[in-house]
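# Observations on chain architecture
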Amino acid sequence: MSAVILGAGMHPWGKWGRPFTEYGVAAARAALRDAGLAWSDVQFVVGADTIRNGYPGFVAGATFAQAMGWNGARIASCYAACASGAQAVDIARTRILAGLCDVALVVGADSTPKGFFKPVGGDRPDDPDWLRFRLLGATNPAYFALYARRRMALYGSTAEDFAAVKVKNALAGSLNGNARYRRTTTAEQVLASPMVADPLRLMDICATSDGGAALVLASDDFARRHGASSPVRLAAVSTVTPTFPGTVLELPNFATDSTAAVPPPERTFRASIAHAAYEEAGLGPGDLSFAEVYDLSTALELDWVEDVGLCPPGEAEKLLRAGDTALGGRIPVNPSGGLASFGEAVPAQAIAQICELTWQLRGTAGARQVERARAGLAANQGLFGHGSAIIATT
């Protein structure tokens, strides 16, 4: 038995200022229409939580089920920061593989504040996320800048390389009707935008956004009975945690682990996330047609290109400059436009990536279609050691 994707749906991303539930319900209804199913067919609902939207956000599964109209379905809710959507998918897939349901709906949506994210209110000196804001003053853009500086020191990356990532993703986003930013840009415009956290400028960093995404998952037996002859298949879901000792600083931590007594692991945390997915799927980086990766900043996309194995460390710029990671290239990266074009609606991010995998593998992505797409990977890491990588295949 395997789990397949029968439906994918999104609410366009932007800064709409409405309750997150509206975005999730709109995405859920779109996914159900895409699957050709009714809400009454859904047996299990998993909501990816949003911690900024009060109690309904903390019980997102029940919130979306009630908003759709109670139908007796079983529910679950989960929070794993930016990996929340991937964990929600994993929960739904596991229930299907266990034979406990045939049809599951996975929903994530968020309404976000203006500017960068801040800690949830209150004084919590035992909370590392609160500490990194209040004690260290390390906002998310500050961390992104540290990673960018690390890349520049190790591999000689330049601000012009980072700007080229934004140009690439803006072009892809201009072709995506669900994206928040749908204008192309130039490297000169990126390099002229205000400095936020040196070396990253405003256009190097993803925004915070409102939006929603949803998937209808089903057993392959149900899909056949429903008449879906060749649905997109979930080949792997990786939610691995780090291996001690961690030698690369990971948000929200202040320092790395010591390797005085224990040698570093074979792979860094981010590389291990993708490796676990490849092992489960029985595929390798060379089998991918495209990838959606976690471009919180332009520099981080380059790191992720290497972390998911598309090239050796330090060579992502070569792929970028050769056009390999652009639409029409050998291995397009972020054909959706990425977070550069969408911004962060945290619980919806990983689900939105899987929507893109679905549309690309179906061949229905329109002007941004990757030619002969057969396998795609989505990577979206969460805070506090939450890994997230998903592989889908035709």
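Looking up the protein chain in an unreviewed UniProt entry gives the name Lipid-transfer protein, with the organism given as Streptosporangium minutum.

## Remarks on the packing of helix α10 (residues 269-281) against helix α11 (residues 298-307)
Orientation of α10 relative to α11, taken along the N-to-C sense of each, is 50°, at an axis distance of 9 Å. With respect to α11, the element α10 is oriented oblique. For the pair α10 and α11, the crossing hand works out as right-handed. Residues R270, A271, I273 and A274 of α10 pack against L300, D303, W304 and D307 of α11. Grouping the amino acids of the contact of α10 with α11 by side-chain chemistry returns five nonpolar, no polar and three charged.

## What about the environment of A299?
Along the chain, A299 turns up in helix α11. Judged by relative accessible area, which is 1%, A299 ranks as buried. It is 26 Å that separates the C-alpha atoms of A299 and Q87, two residues lying 212 residues apart in sequence. Not counting residues up to four positions away in its chain, the partners in contact with A299 are A148, R151, F162 and L200.

## Describing the pairing of strand β4 (residues 103-110)
Of all eight residues in β4, eight are buried, a share of seventy percent or more. Of the strand pairs in this sheet, strand β2 (residues 44-48) and β4 are connected by five bridges, and their pairing is parallel. Across the sheet, residue G47 finds its bridge partner in β4, namely V107. As paired strands, β4 and strand β7 (residues 210-219) are joined by eight bridges and run antiparallel to one another. By the bridge assignment for β7, G108 is matched with A213.

About the thresholds
- Residues numbered from 1 in each chain as written.
- Predicted model: local features only at pLDDT ≥ 70, side-chain atom pairs only at ≥ 80, totals over all residues.
- Heavy atoms only, no water.
- Axes fitted to C-alpha atoms, helices over the stretch in contact; angles between N-to-C directions.
- Helix = DSSP H or I, 4+ residues; strand = E, 2+ residues; numbered from the N terminus.
- Parallel < 35°, antiparallel > 145°, perpendicular 65-115°, else oblique.
- Left-handed = near helix turned anticlockwise from the far one by under 90°.
- Contact = heavy atoms within 4.5 Å.
- Nonpolar A, V, L, I, M, F, W, Y, C, P; charged D, E, K, R; others polar.
- Buried < 20%, exposed > 50% of the residue type's maximum accessible area, 1.4 Å probe, protein only.
- Pairing = 2+ DSSP bridges.

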